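These are the residues of each chain, in order.
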Amino acid sequence: MVDEGKNVGVQFIAPKTSPEILLEMKGVTFGYEREPILYGVHVQVRKGEMVGLLGPNGSGKTTLLRLVSGVLHPQQGKVVLEGRDLQDWGRRSIAQRVAVVPQALHMPFAFTVEQMVSLGRTPYINLLGSRNRLDAIIVEDAMHAAGITPLAGRIFNELSGGERQLVMVAMALAQQPALLLLDEPTAHLDIKYQIEILELVQRLNRQRGMTVIAAMHDLNLAARYFPRLLLFQRGIVADAGPVEVLEPHLLKRVYGIDVQVGILRGAEHLSVLPPGSGLETDEREQEVQPQALVMAGGGSGELLMRALADAHIPFIAGPLNIGDSDYALALRLASAVIAEQPYAPISPATLEQLRKSLAKVSLLILCPMPIGPGNLALLQEALSAAHHEIKVLLLAAPDPSGRVNEQFNADTSYTNDELLQQTGIAKRDYTNGEGLRLVRDLLQTGAVVVGSVTEAVEAAKRSAILASSNP
Amino acid sequence: MSGREPVEVGGCPSKIMKLATQKTQLKQLRGGVRALPAPLLLLALSCILLIVILLAVSFGSTPIPISNITKILLNGTGLFHFARHWDSTAELIVWQVRMPVVISAALVGAALSVAGVLFQGMLRNPLADPYLIGTSSGAALGAAIAFVLPFDTLYGSFFPLTPLLAFVGAMVTVMFVYAIARVGGQTPVVTLLLAGVVINAVLVAFQTLILTLSSHVQFTFQALFNWLSGGVAVTDWSPIIMVACIILVGIVFSLMLSNVLDAFGLGEEGAAHLGLHVERYKLLIVVVGSLLTAAAVSISGLIGFVGLVMPHAMRLLLGPRHRLLLPASALGGAIFLTLADLLARVVIAPAVLPVGVLTALVGAPFFLFLLRNSKRAYRW
């Protein structure tokens, strides 16, 4: 299958001298109490990068950070730090390489700032040993770097939120980490400290070459400080620079709100603004009247969805399981996505949603996805849609070389059996012939087999013109 | 590895100079907060403890001058041979009557204070005390069983039954609470506290049940009441030596945990981020804290307040770092309980007050005074 980076259509532009990979997540899946939160996360972070994690609340940003810090272990896949599985590192060794700045910290006892920062040396001292001269210098240096030396003797609990956050960063610095993780470092802070914290982190990144991964809830600050952004929706939806990730359409899919993105006069960075008024939103909604519905899965819809988007044909995608590579792509490209729980069969509620969506479109395109008991219902829905005067296109399966079958010629007339052969349903049917039977029925109701994506897009264009001339 | 920031020591001497000046400024800044350096402070506390012990031995129905006590004790070491110009009963009183009690009181005070520091540090809650997770009710149930059993000692006369059963009861209860609170390889602090509260309630009910059902209750009730209100009543050295061994080992272990306890202040996840195996250390802290508490309870009954207040008082005076807090609390607890025991013996002499009553009566106002006069807001 296509690799994840390519799937989402954008690639991280590697620096000229590509330094070694510090952190790698390979197919990491994790969930709490049977409710999955992250699926198949593949990501590589090189030394010296500064990465921002974006996503709505509960999208798995914090979970990702906890997986990287080794507090949680992935249920599938693995996290690799400096070329070694995180679970093979000892806790101490991880703490000497990865430091975490938590979102907020409650300290029940009256530790002074200096005492707090020197706690960062814990991974380096043994049970009996006390802190030596070197430790003291490192602590002083960390406080100096964070600009909190004047606060050294103050009680941590009596500081303001912003000052506390600076202390937490200094404490993380005292760990001398290669990788600094920050969990929403600017949450609950006033604007002065938001900037101060992020300037500090940027300085550490640029001057000390510290790799930074930070969960960010403020899109504007993320755009300003992070050259690479990862957008989360239970998995990685986009992984690129701010220009590509902070794209209004994509943000609407992920955050569920219309936003405007642009460069304000005099500013150097992208800004994300909430919608001006409700009226405007309604107009935009009407503007994108979807014309086709694409059923895909497992990467089978990738080429088609890209082609439809390039041709500016609005379409609905789904139902797709969250975490499916087609799902991540559909979030970017489709005007609406019907989502189903990960790895779950298509539920009645989702089918109801599908029927409503089918009522809006005149064309249904079935991609050559594998058919199993879980999504067999999709073919049944397609069949009933065909009975309700919706044009059904069956995209032919690509031949083993990966290209769409080019010998297939739409002008020649084929028997139904030959057409059936073209759809490749026999090879991707895991339902003991039930799927095969449904595809045959579809062909009998007049479903058309298209040999290539181009052909499918042409058909979609024709049907769009037909729909507009015949309302 | 290459990405890690090397300490900037070599290249930049001016920076070190700058740091050094900052350091001295810092020291000056905090000069007011901490007048005495740590070793001196511990030495001072040790001296006070020694004086208090001598005082405690000297007071009583027959006062013995401190100089005589010193000589008797030094003779006892076998290294000194002072001429005996005192009554031979004085020697008997010192060695067989007062010293066991005074030493027990000091040990119990130290153990309870250190256990209090351990539990407060681990649970991140200044309200925690050593009895919180089941020690007290377990020990009380053990003692109640010992009181209603028809025999007094186990293993000949070597070990009295009450302390033994109290110790066993306390340890079994704590381990039971810990096992109950353990969910999926983790022991959440809140679950631990709640399990402790529930088990406490159940065991108190059992204790009442046993006392109600046993026939010779009238006979033993007063004795049990005295035990429960707390009072050091030992006359034999053998249990004291055993208990002393447990307590000393426990305190040494606690001192080794001081860095861990500091890190626990950040919360379990924060401690894990600093490279600690949180669950392992949590179990270790519970075991050490409970051993200390159970050992103390076995010879003193339930003495409240020391384990709660002494860590607080020391924290207000010396700050929260456990490297200093633990030994200071041990010494402070020993001083406090020795004094309390002394007062309990002399206030309404010849009758003896339960020490538990005195610790609360003396400790509470002292603690409130500290609380009100502390410049550091004691917020939680």
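Asks: I'd like a rundown of the overall build of chain A, residues and numbers included.
Replies: From N to C terminus, chain A includes 19 helices and 18 strands. Per-residue burial for chain A yields a buried fraction of 46% across its 471 residues. Counting only contacts in chain A whose residues sit at least 6 apart along the sequence, the fraction spanning at least 24 positions is 69%.

Asks: Any details on the overall build of chain B? Residues and values, ideally.
Replies: Each helix and strand counted, chain B has 15 helices and two strands in total. The burial tally for chain B puts 45% of its 380 residues in the buried class. Of all intrachain contacts in chain B linking residues separated by at least 6 positions in sequence, the fraction that spans at least 24 positions is 76%.

Asks: Requested: an account of the sheet that holds strand β6 (residues 98-101) of chain A, with residues and values cited.
Replies: Residues and elements named next belong to chain A. Judged by pairing direction, the sheet is mixed, and its six strands sit side by side in the order β6-β7-β8-β3-β9-β10 without closing on themselves. Only two strands of the sheet have a single neighbouring strand rather than two, namely β6 and β10 (236-240). Pairs of neighbouring strands in the sheet enclose a mean axial angle of 15°, with direction left out of account. Note that strand β3 (residues 50-54) and strand β8 (residues 211-215) share four bridges and pair parallel. Looking across to β8, one finds that M50 is bridged to V212. Helix α6 (residues 161-174) contacts β6 and β7 (179-183) of the sheet and is inclined by roughly 170° relative to β6. Where helix α7 (residues 191-208) meets the sheet, it contacts β3, β7 and β8, and its direction lies at approximately 155° from that of β8.

Asks: Outline the domain arrangement of chain A, supporting the account with residue identities and numerical values.
Replies: Residues and elements named next belong to chain A. Segmenting chain A into domains produces domain 1 (4-97 + 177-273) and domain 2 (288-469). Each side of the interface is counted separately: domain 1 has 15 residues, and domain 2 has ten residues. When contributions to the side of domain 1 that touches domain 2 are tallied by element, the ones reaching two or more residues are α1 (4-7), β2 (35-46), β10 and α10 (248-255). Partitioned by chemical class, the residues of the side of domain 1 that touches domain 2 number seven nonpolar, five polar and three charged.

Asks: Talk me through the environment of L92(B); I want residue IDs and the actual numbers.
Replies: Within the element layout of this structure, L92(B) appears in helix α4 (residues 88-123). Taking the C-alpha atoms as reference, L92(B) lies 41 Å from P37(B); in sequence the two are 55 residues apart.

Asks: How would you sum up the environment of V355(B)? Please name residues and give values.
Replies: All names here are of chain B. In this structure, V355 sits in helix α15 (residues 355-373). In this structure the C-alpha to C-alpha distance between V355 and R345, which are ten residues apart in sequence, comes to 8.7 Å. Ignoring any residue separated from it by four or fewer positions in sequence, one finds V355 in contact with G230, G231, V232, I303, A340, D341 and A344.

Asks: Describe the nonpolar core, and please don't skip the residues or the numbers.
Replies: Soluble globular proteins tend to pack their nonpolar side chains together in the buried interior. By size, the foremost hydrophobic cluster in this structure holds 251 residues, and its most contacted members are A170(A), V294(A), I365(A) and A111(B). Two domains each donate at least three residues to this core, and these are domain 1 (4-97 + 177-273) and domain 2 (288-469) of chain A. If we skip the residues at most four places from it in the chain, A170(A) touches V117(A), A142(A), M143(A), A146(A) and I148(A).

Asks: Help me get a handle on the sheet that holds strand β13 (residues 292-295) of chain A, residues and values and all.
Replies: Hydrogen bonds between backbone groups are what pair the strands of a sheet, and the pairing can be parallel or antiparallel. Residues and elements named next belong to chain A. The sheet built from six strands is open, its strands ordered β15-β14-β13-β16-β17-β18 with parallel pairing. Both outer strands of the open sheet, β15 (336-340) and β18 (448-450), are each paired with one neighbouring strand and no more. Averaged over all pairs of adjacent strands, the angle between strand axes in this sheet comes to 20°, irrespective of strand direction. In the sheet, strand β14 (residues 315-321) pairs with β15 via four bridges, with the strands oriented parallel. Opposite N321, over in β15, you have E340 as the bridge partner. Most of the contacts of helix α12 (residues 302-310) go to β13, to which it runs at about 160°, and overall it touches β13, β14, β16 (363-366) and β17 (391-395).

Asks: How would you sum up the packing of α4(B) against helix α9 (residues 237-256) of chain B? Please name residues and give values.
Replies: Residues and elements named next belong to chain B. At a minimum axis separation of 10 Å, α4 and α9 run at an interaxial angle of 30°. By the angle class used here, α4 and α9 are roughly parallel. Once α4 is placed against α9, the crossing between them reads as left-handed. Here P100, I103, S104, L107, A110, A111, V114 and L118 of α4 come into contact with α9, specifically with W237, I240, V243, A244, I247, G250, I251 and S254. The residue inventory of the contact of α4 with α9, partitioned by class, reads 13 nonpolar, three polar and no charged.

Asks: With reference to specific residues and values, describe the environment of P320(B).
Replies: Relative to the helices and strands, P320(B) is located in the loop between α13 (306-318) and α14 (322-346). With 27 C-beta atoms counted inside 10 Å, the residue P320(B) sits in the buried group. Along the primary structure P320(B) and G60(B) are separated by 260 residues, whereas in three dimensions their C-alpha atoms are 38 Å apart. Once you skip the residues sitting within four places of it in the chain, P320(B) turns out to touch F109(A), A110(A), F111(A), R315(B) and L325(B).

Asks: Give a description of unusual backbone geometry that names residues and reports values.
Replies: All names here are of chain A. The omega torsion of the bond from G318 to P319 falls at -5°, within 30 degrees of zero and hence cis. Looking at the element boundaries, P319 is found in strand β14. Residues other than glycine seldom take positive phi values, yet E184 does so here, at roughly 45°. Positionally, E184 belongs in the loop between β7 and α7. Judged by the 20 C-beta atoms lying within 10 Å of it, E184 falls in the buried class.

Asks: How would you sum up the confidence of the model for chain B? Please name residues and give values.
Replies: For residues with low pLDDT, the predicted coordinates do not support detailed interpretation. Residue and element names in this part refer to chain B. Mean pLDDT over chain B works out to 79, with 83% of the residues at or above the 70 mark. Between residues 1-35, whose pLDDT stays under 50, and residues either more than four places distant or in other chains, the model counts 26 contacts. Contacts of residues 154-158 to residues separated by more than four positions or lying in other chains number four contacts, the stretch itself having pLDDT below 50.

Asks: Describe the pairing of β3(A), with residues and values.
Replies: Residue and element names in this part refer to chain A. Extensive coverage of β3 is indicated by the burial of five of its five residues. Taking every second residue as pointing to the same face, both faces of β3 are buried, with M50, G52 and L54 on one and V51 and L53 on the other. Where β3 and strand β9 (residues 228-232) come together, four bridges link them in parallel fashion. Note that in β9 the partner of L53 across the bridge is L230.

Asks: Please provide a residue-by-residue account of the pairing of β8(A), values included.
Replies: Residues and elements named next belong to chain A. Burial runs high along β8: five of the five residues are buried. Taking every second residue as pointing to the same face, both faces of β8 are buried, with T211, I213 and A215 on one and V212 and A214 on the other. Where β7 meets β8, five bridges bridge the pair, whose relative direction is parallel. Residue L181 lies in a different strand from β8, and its bridge partner there is I213.

What counts, and at which threshold
- Residues numbered from 1 in each chain as written.
- Chains lettered and ligands numbered in written order.
- Predicted model: local features only at pLDDT ≥ 70, side-chain atom pairs only at ≥ 80, totals over all residues.
- Helix = DSSP H or I, 4+ residues; strand = E, 2+ residues; numbered from the N terminus.
- Buried ≥ 20, exposed ≤ 12 C-beta atoms within 10 Å, placed from the backbone.
- Contact = placed C-beta atoms within 7 Å.
- Pairing = 2+ DSSP bridges.
- Axes fitted to C-alpha atoms, helices over the stretch in contact; angles between N-to-C directions.
- Domains from an automatic or database assignment.
- Nonpolar A, V, L, I, M, F, W, Y, C, P; charged D, E, K, R; others polar.
- Core = buried A, V, L, I, M, F, W, Y, C linked by C-beta atoms within 7 Å.
- Parallel < 35°, antiparallel > 145°, perpendicular 65-115°, else oblique.
- Left-handed = near helix turned anticlockwise from the far one by under 90°.
- pLDDT = per-residue confidence, 0-100.

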